[in-house]
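# Coordinate analysis (summary)
Each chain, written out:
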Amino acid sequence: MASRTIDKCDGSKDAGSVLLDHPFKLWSKIIDTVRCGGKRPKKKSESKNKYNLQQPGSDKLSDLLKQPECWENEEEVRMKEETLEELKRVAKKLQQQSSSEVVLEGAREVRRLAKEDYQARTTLALLGVIPPLVALLDAEDPTSHSQIAALYALLNLAIANDANKAAIVRAGALHKMLKLIQSPNGSSNQAVAEAVVANYLGLSALDSNKPIIGSSGSIQFLVKTLKDFDETSNQAKQDSLRALYNLSISPSNVFPMLETDLIPFVLSKLGDMDTSERILSILSNVVAIAEGRKAISNVPDAFPTLIDVLNWTDSPGCQEKASYILMVMAHKSYGDRQVMIEAGLVSALLELTLLGSTLAQKRASRILECLRVDKGKQVSGNRGGGLGATLSAPLCGPSSSAMNPGNQLNESDDDEMISQERKAVKQLIQQSLQNNMKRMVKRANLPHDFVPSDHFKTLASSSTSKRTTGKKVFFGNFDGHKMCDIERKMGENDLEGQNKHLEDTDINLKRYYEGISDMATSE
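Residues numbered from 1 in each chain as written. Predicted model: local features only at pLDDT ≥ 70, side-chain atom pairs only at ≥ 80, totals over all residues. Heavy atoms only, no water.

## Describing the packing of aromatic side chains
- Using the criterion set out here, one finds 1 aromatic pair in the structure.
- The ring of Tyr152 has Arg111 sitting right over it, with the charged end atom 4.4 Å from the ring centre.
- Directly above the aromatic system of Tyr245 lies the positively charged group of Arg278, at a separation of 5.7 Å from the ring centroid. (Phe/Tyr/Trp six-rings, centres within 6.5 Å; stacked < 30°, edge-to-face > 60°. Lys NZ or Arg CZ within 6 Å of the ring centre and 35° of its normal.)

## Topic: empty space enclosed by the protein
- Within the structure shown, the criterion is met by 5 cavities of 30 Å³ or more.
- Of the voids in this model, the second largest cavity is the one considered here, and its volume is about 50 Å³.
- Lining of the second largest cavity is provided by Leu310, Asn311, Thr313, Gln319, Ala348, Glu351, Leu352, Leu355 and Gly356.
- Residues belonging to the lining of the second largest cavity are distributed by class as follows: 4 nonpolar, 4 polar and 1 charged. (1 Å grid on protein atoms, 1.4 Å probe; cavity = no way out; pocket = protein on both sides within 12 Å on 5 of 7 lines; lining within 4 Å. Points joined across faces, edges and corners; volume = space filled by probe spheres on them. Nonpolar A, V, L, I, M, F, W, Y, C, P; charged D, E, K, R; others polar.)

## Some thoughts on helix α7 (residues 100–113)
- Here α7 spans 20 Å end to end across 14 residues, near enough to the 20 Å set by a 1.5 Å rise per residue.
- All buried positions along α7 are accounted for by Val103, Leu104, Gly106, Ala107, Glu109, Val110 and Leu113. (Helix = DSSP H or I, 4+ residues; strand = E, 2+ residues; numbered from the N terminus. Expected span 1.5 Å × (residues − 1). Buried < 20%, exposed > 50% of the residue type's maximum accessible area, 1.4 Å probe, protein only.)

## Concerning the side chain of Gln238
- Of note, Gln238 is situated in helix α17 (residues 234–248).
- Look past the residues within four positions of Gln238 in its chain and what remains in contact with it is Asp274 and Thr275. (Contact = heavy atoms within 4.5 Å.)

## Let's talk about the environment of Ala205
- Residue placement: Ala205 occurs in the loop between α14 (190–203) and α15 (210–215).
- On the accessibility criterion, Ala205 (46% relative accessible area) is partly exposed.
- Residues Ala205 and Ala158, spaced 47 residues apart in sequence, show a C-alpha to C-alpha distance of 9.9 Å.

This is the structure in structure tokens:
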């Protein structure tokens, strides 16, 4: 017995055959296992994998543990199988070219199944429904029912599925859609045109499709659709604008847009709140290239129109986009800066730095800085040009009147102008303080009908009513025809958020106006 046990531990004989010869095999097996547990020499493979040992049969055990979940989802699995069979049945209908009615029915079912089911879109595409649907666009159907069903089926297949968007374009759908629109039947059918525009909107959302769509001639169709559709086709107009915006993201598509009259048309439509923000988004992409900036500047009244948008306090998104367009054009062209100044840009920017959103304020400050530096260079150049040179920004006071005695303003006119501008500045500052108070109330999660106490009002008014002595700034129109010396109100506010806002506003005004005076007199 002992020899057999030793042999078993050494592994020289079969342990099973030894134990079967023993009458007490069960107890012998337990004893042998205990004896060999700590003395058995480990093999190299076991020593290497001592941290990754698995019990025999563990994989089967895990499979058994997972079986209850499968039994619980048996109903769901059955439903998925039924859905797959239905999708296969629909795909087979599209393959039956002998019956146009069956194909039309299959297209309508694809549109219905792919409308809200992402998995159905993927499965139907894998079953090969896209090529038959694209081929259905060429069907000879006087009623256009087949084309409309195919267009909306393709539209639903492309929703939130980039692979299907790319597959539709690869199947040649773009040219077939354009051919459908250019045909006599399609040109007179508004439903077909709206379906094509909706497809272009969906397909243009994929970056790889943008250059292909732009080079296919679709931009001309979208611009024509945007111009020809009346107010009753508002959805088609919105889809055209969105599609043009998607295409304008690709710089290569800006050139085909400039070949049309898109820029003058959209600038003339600024003012319609339903489309203005989308129009400004398109112009923000167009202004990125030099040809686009030139096209905008060549449109009559383009800058007055964009400057007017800066006063839309109820639409901060439009203000931000318009300020971006003006900022890019001001930094790129000196001639455009002069036209902007003549159109009244400075006063609109000063108001925007006080009452605009945070992003609009930053962009307005950058434009003012660009204009200030440009004006300072002009003043310095005139000072160095000789005694006979006139200042482009005449200074108020004795020196200015002595240099240009014939251009002096009447004292009464000066006083009236000073009074009006002082009131305008006070009103802007007051509106800025009120807007800041509303923002702080909103951040503090106070009720909308919150009314500050008398003590709080006294504290706020006293903190913003301090005047500085001897601090003057030049305020007037930028072109130098008339400027005034007015006293500006500067507040020192202890409330969080208002102090920095007033300081930024003070810096913008002071650097813009006092910088001109300093550069002209520092010699």
